[in-house]
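If you want the building blocks of each chain, they are given just below.
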Amino acid sequence: MPLTKVEKVGDHTRLALWEMTEKVEELPVPCHVDLTAFRSESRLKEKLITYAILKELTGLNHLVITHEPSGKPVIDGFEIGISHTHGWVAVILSTKRPVAVDIEYRSQRVTRIADRFIRFDEDKSNAEIQLINWCVKETVYKFLPEENLHFFDMRLQKFVLSNAGEITVDDLKFPKNIKVKYEMTPDYVLTWVL
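What comes next is a walk through the structure. Predicted model only: the values in this text are computed from it and were never measured.

Among the structural elements, Glu122 can be located in the loop between helix H2 (114–117) and helix H3 (127–143). Reaching out from Glu122, the side chain makes a polar contact with the backbone nitrogen of Arg119 at a distance of 2.6 Å. One polar contact links the side chain of Glu122 to the main-chain amide nitrogen of Leu156, over a distance of 2.7 Å. In this view, Glu122 contacts Phe117, Asn133, Lys137, Met154, Arg155 and Leu156; residues no more than four positions away in its chain are not counted.

Enumeration over the complete set of coordinates arrives at 15 salt bridges. Across the pair Asp121 and Arg119 runs a salt bridge, and its minimum N-O distance is 2.9 Å. Note on Asp121: relative accessible area 30%, which makes it partly exposed. Here Arg119 falls in the buried class, since its relative accessible area comes to 14%. Here Glu147 makes a salt bridge to Lys176, at a shortest N to O gap of 2.5 Å. With Glu147 in the loop between H3 and strand S8 (154–156) and Lys176 in strand S10 (residues 176–184), this pair connects stretches of sequence that are 29 residues apart. One connected set of salt bridges, linked through shared partners, spans Arg119, Asp121, Arg155 and Asp170.

Rules of the game
Just so you know, the residues in each chain are numbered from 1, in the order the chain's sequence is written. Local features in a predicted model are, by the rule used here, given only for residues with pLDDT of at least 70; side-chain atom pairs are given and counted only at 80 or more, and totals for whole chains, interfaces and linings are based on all residues. Processing note: side-chain calculations cover all non-hydrogen atoms of the structure and skip hydrogens and water entirely. The helix and strand labels rest on DSSP assignments: H or I over at least four residues marks a helix, E over at least two residues marks a strand, and numbering proceeds from the N terminus. Polar contact is defined as a pair of N or O atoms within 3.5 Å, subject to the rule that within protein one atom must be able to donate a hydrogen and the other to accept it, and that residues adjacent in sequence are counted only when both atoms are side-chain atoms. A contact between two residues is defined here by any heavy atoms of the two lying within 4.5 Å. Criterion for a salt bridge: a side-chain nitrogen of Lys or Arg within 4 Å of a carboxyl oxygen of Asp or Glu. Exposure classes here rest on a 1.4 Å probe applied to the protein chains alone. A residue is buried below 20% of its type maximum, exposed above 50%, and partly exposed in between.

Below, the structure is given as structure tokens:
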């Protein structure tokens, strides 16, 4: 079970990260969840790992993840954020406050579409900054689903690139600031907000 990280990131809030190396048949299957709708093995694996992380974080076997019309995941008694990318699953869970998470594997693919999500007044000088911009905006979008934010409704304030830090995002649609934490490794960029 390659649960690579379980970290307390705030009061009553934990963040978990799992590297997907198992085969589907090696993962525990929650008996209370209908898995027949998954036609893709990779989607099924993501779902099984998400439930394994949930069990690890709560010690509970009976929790069921549902979704609001916006796509936001919901669990009775908890606030949850879930993200998947090539080879990784991230879950953030809180008993007290709304949360959101995003994870993206490291690659140069964002450079092809950077103009679609980075504003003219934001830094897009290299692929790392572009990938952080993408992840941060995805996290804010998930954190505020009722606002239906578009990429250009959000502006990252200037930041100094490092392996970990905090970025302030201006919500230009409903003026306010959101603080987003990030971590960058050779394998992925991970962002979260609470």
